[in-house]
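Report on the structure
Next come the chains, spelled out residue by residue.
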Number of protein chains: 2
Amino acid sequence: MEQFIRAIRQMISISDTETDSLLGYCYLKSFSRKTYLSTPGKICNEVFFITKGISRNILIDNEGVEHTTNFTIENQFIADYASFLQKTPSIYYLQALESIEAVVMPREAIEWGYHNLKQGDRLGRLIAEYYFVYHDNQIRKQYFETPQQRYETITQVFPDIHNRAPQHMIASYLGITSVHLSRLKRTYV
Amino acid sequence: MEQFIRAIRQMISISDTETDSLLGYCYLKSFSRKTYLSTPGKICNEVFFITKGISRNILIDNEGVEHTTNFTIENQFIADYASFLQKTPSIYYLQALESIEAVVMPREAIEWGYHNLKQGDRLGRLIAEYYFVYHDNQIRKQYFETPQQRYETITQVFPDIHNRAPQHMIASYLGITSVHLSRLKRTYV
DNA sequence: TAAAAACGATAACAAATGTTTAGATTTTGA
DNA sequence: TCAAAATCTAAACATTTGTTATCGTTTTTA
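Only a predicted model underlies this, so the values are computations on that prediction, with no experimental measurement involved.

Right, let's talk about the sheet that holds strand β1 (residues 27–31) of chain A for a bit. The strands that make up a sheet pair up through hydrogen bonds in the backbone, lying either parallel or antiparallel. Residues and elements named next belong to chain A. Strand order in the open sheet formed by four strands is β1-β8-β3-β6, and the pairing between neighbours is antiparallel. Strand pairing shows two members of the sheet lacking a second neighbour, β1 and β6 (76–78), which therefore form its edges. For this sheet, the mean angle separating the axes of adjacent strands, direction not counted, is 35°. Bridge count between strand β3 (residues 46–52) and strand β8 (residues 100–106): six bridges; the pairing is antiparallel. Looking at the pairing, E46 lines up with P106 of β8.

Spelled out as structure tokens, the structure:
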């Protein structure tokens, strides 16, 4: 839980008493490799904080093609945040690529925080702003970097990803096929 | 200013006194067709609320190619929000496609609001969440809709856009060339 | 630990999309 | 109002990227 508290304290000031109350609403959960933290169709009612392991977001398009839209590693929060906010059904699989240890924050924990933590709304604002900036960066990269460049610099965002996720998932994340990525690597070495 | 207040009141409760103080930090500004509300390189220190007219976001990539990344119409807020939040140089041109009337909210207005409005942080949270959901929707569409479909349904997001923006800007917004859009229209009528 | 599954590279081919150029029409702005 | 600029379509061609299939290697799991 320490990593989790540390992550929160990086965003807001929170007393020990407040911390204890908040943790009362949260719990630990493990997921083994290839299992799902979350599946599509249900409203996302919990935010995970990963303390160990790595997951990916999977989206299946109308043609049945699977897309890896994101990875999440240690010390990061993960949820279908749009589903959580709007209370609409989630569209993602969140799949463990390695066995995962996570702190689960149910919706009640977060809403309790908004109403009872001194800096609750501020925390909510910072999280939403953080997510916004993260998303925005992903969009910018699509305009300013080619898939090759993004392949080469992906470790800045996900250190050691080349050893933790197979190449075809990275290709999917980059928006290209694994065959094409293989081709790009050959051409530009 | 009434439209502006109405937009704020849709998000939070705000008293008349608070409203008056907030408006004290804001002012009206006009832009004529083809001029820029904002240009790249400077930190975005103001948020615009458009009461009349339409603008587009323009981004120039490393090859010098211009991309229309967004449109903004009446009763919407517009800014390089990532630049505003991070205080990093903006990368967008915000260009008036028609003559525009806008309310300008300088950074001081917004920061004053965070510190002094009863629901200031809440307003900030809702705005960030709104932006997040909007962005997220744009990304989803890229997975679930073809450029044709997005061309056909774009009026759900930007009513009357076909009469307010030339086709090559819409094509750029859809991520394709104007030649290709022209081809798609021919094929699928 | 052995069989099965997943993985990555490669080649041949197909499809989608971009580039360039031209010309007719519409819109804009002095 | 009229010349200049912008716009849209079209065609021919080039390029990029995807699809399918194969094969040797690595990893997983029963």
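Chain-level pLDDT for chain A is 95 on average; 99% of the residues reach the 70-or-more range. Taken element by element, chain A is modelled with least confidence in helix α5 (residues 120–144) of chain A, mean pLDDT 92, and with most confidence in helix α8 (residues 167–174) of chain A, mean pLDDT 98.

This paragraph deals with the interface of chain B and chain A. With 31 residues of chain B at the interface, the matching set in chain A holds 31 residues. Interface area, chain B with chain A, both sides summed: about 3,100 Å², of which 65% is carbon and sulfur. When the buried surface of chain B facing chain A is broken down by residue, B:F132, B:Y143 and B:F144 rank first, second and third, together holding 23% of it. Between A:R140 and B:D80 there is a salt bridge, and its shortest N-O distance comes to 3.3 Å. Our count for the chain B to chain A interface comes out at six residue pairs in polar contact (both at pLDDT 80 or more). Among the elements of the structure, β4 (55–60), β5 (66–72), α3 (81–86) and α5 (120–144) of chain B are those that each provide at least two residues to the side of chain B that touches chain A. Residue classes in the side of chain B that touches chain A are distributed as 15 nonpolar, eight polar and eight charged.

Taken together, 15 residues lie near DNA strand C, and A:Q167, A:H168, A:S182, A:R186 and B:R183 sit nearest. For DNA strand C, a phosphate oxygen lies 3.3 Å from a polar atom in the side chain of A:K185. Separating a phosphate oxygen of DNA strand C from a side-chain N or O atom of B:H180 is a distance of 3.5 Å. Secondary-structure elements contributing two or more residues to the surface near DNA strand C are α8 and α9 (178–187) of chain A together with α9 (178–187) of chain B. By residue number, the principal contributor to the surface near DNA strand C is α9(A), which donates five residues. Split by residue class, the surface near DNA strand C holds four nonpolar, six polar and five charged.

All names here are of chain A. Structurally, N57 can be placed in strand β4 (residues 55–60). Residue N57 is classed as buried on the basis of its relative accessible area of 6%. If we skip the residues at most four places from it in the chain, N57 touches H67, T68, T69, N70, T72, I78, Y92, Y93 and L94.

The next point concerns the packing of α5(A) against α5(B). The description of two packed helices rests on the angle between their axes and on the distance between the axes. Closest axis-to-axis distance for the α5(A)/α5(B) pair is 8 Å, and the angle between their directions is 30°. For the element pair α5(A) / α5(B), the angle class is roughly parallel. You can see that α5(A) and α5(B) cross each other, and the crossing is left-handed. Side by side, α5(A) and α5(B) meet where A:D121, A:R122, A:G124, A:R125, A:A128, A:E129, A:Y131, A:F132, A:H135, A:D136, A:I139 and A:Q142 of the first sit next to B:D121, B:R122, B:G124, B:R125, B:A128, B:E129, B:Y131, B:F132, B:H135, B:D136, B:I139 and B:Q142 of the second. For the contact of α5(A) with α5(B), the residue count by class is eight nonpolar, six polar and 10 charged.

All names here are of chain A. Under the defined criterion, the tally for this structure stands at 16 salt bridges over all chains. Across the pair R140 and D136 runs a salt bridge whose closest N-O atoms are separated by 2.6 Å. Pair noted here: R140 and D136 are both in helix α5, with a separation of four residues, about one helical turn. Judged by relative accessible area, which is 6%, D136 ranks as buried. Members of the salt-bridge network, linked through shared partners, are E74, E98 and R164.

Cut-offs applied
Residues numbered from 1 in each chain as written. Chains lettered and ligands numbered in written order. Predicted model: local features only at pLDDT ≥ 70, side-chain atom pairs only at ≥ 80, totals over all residues. Heavy atoms only, no water. Pairing = 2+ DSSP bridges. Helix = DSSP H or I, 4+ residues; strand = E, 2+ residues; numbered from the N terminus. Axes fitted to C-alpha atoms, helices over the stretch in contact; angles between N-to-C directions. pLDDT = per-residue confidence, 0-100. Contact = heavy atoms within 4.5 Å. Buried area = accessible area lost by both parts, 1.4 Å probe. Salt bridge = Lys/Arg side-chain N within 4 Å of Asp/Glu carboxyl O. Polar contact = N/O pair within 3.5 Å; in protein donor to acceptor, adjacent residues only side chain to side chain. Nonpolar A, V, L, I, M, F, W, Y, C, P; charged D, E, K, R; others polar. Near = heavy atom within 4 Å. Buried < 20%, exposed > 50% of the residue type's maximum accessible area, 1.4 Å probe, protein only. Parallel < 35°, antiparallel > 145°, perpendicular 65-115°, else oblique. Left-handed = near helix turned anticlockwise from the far one by under 90°.

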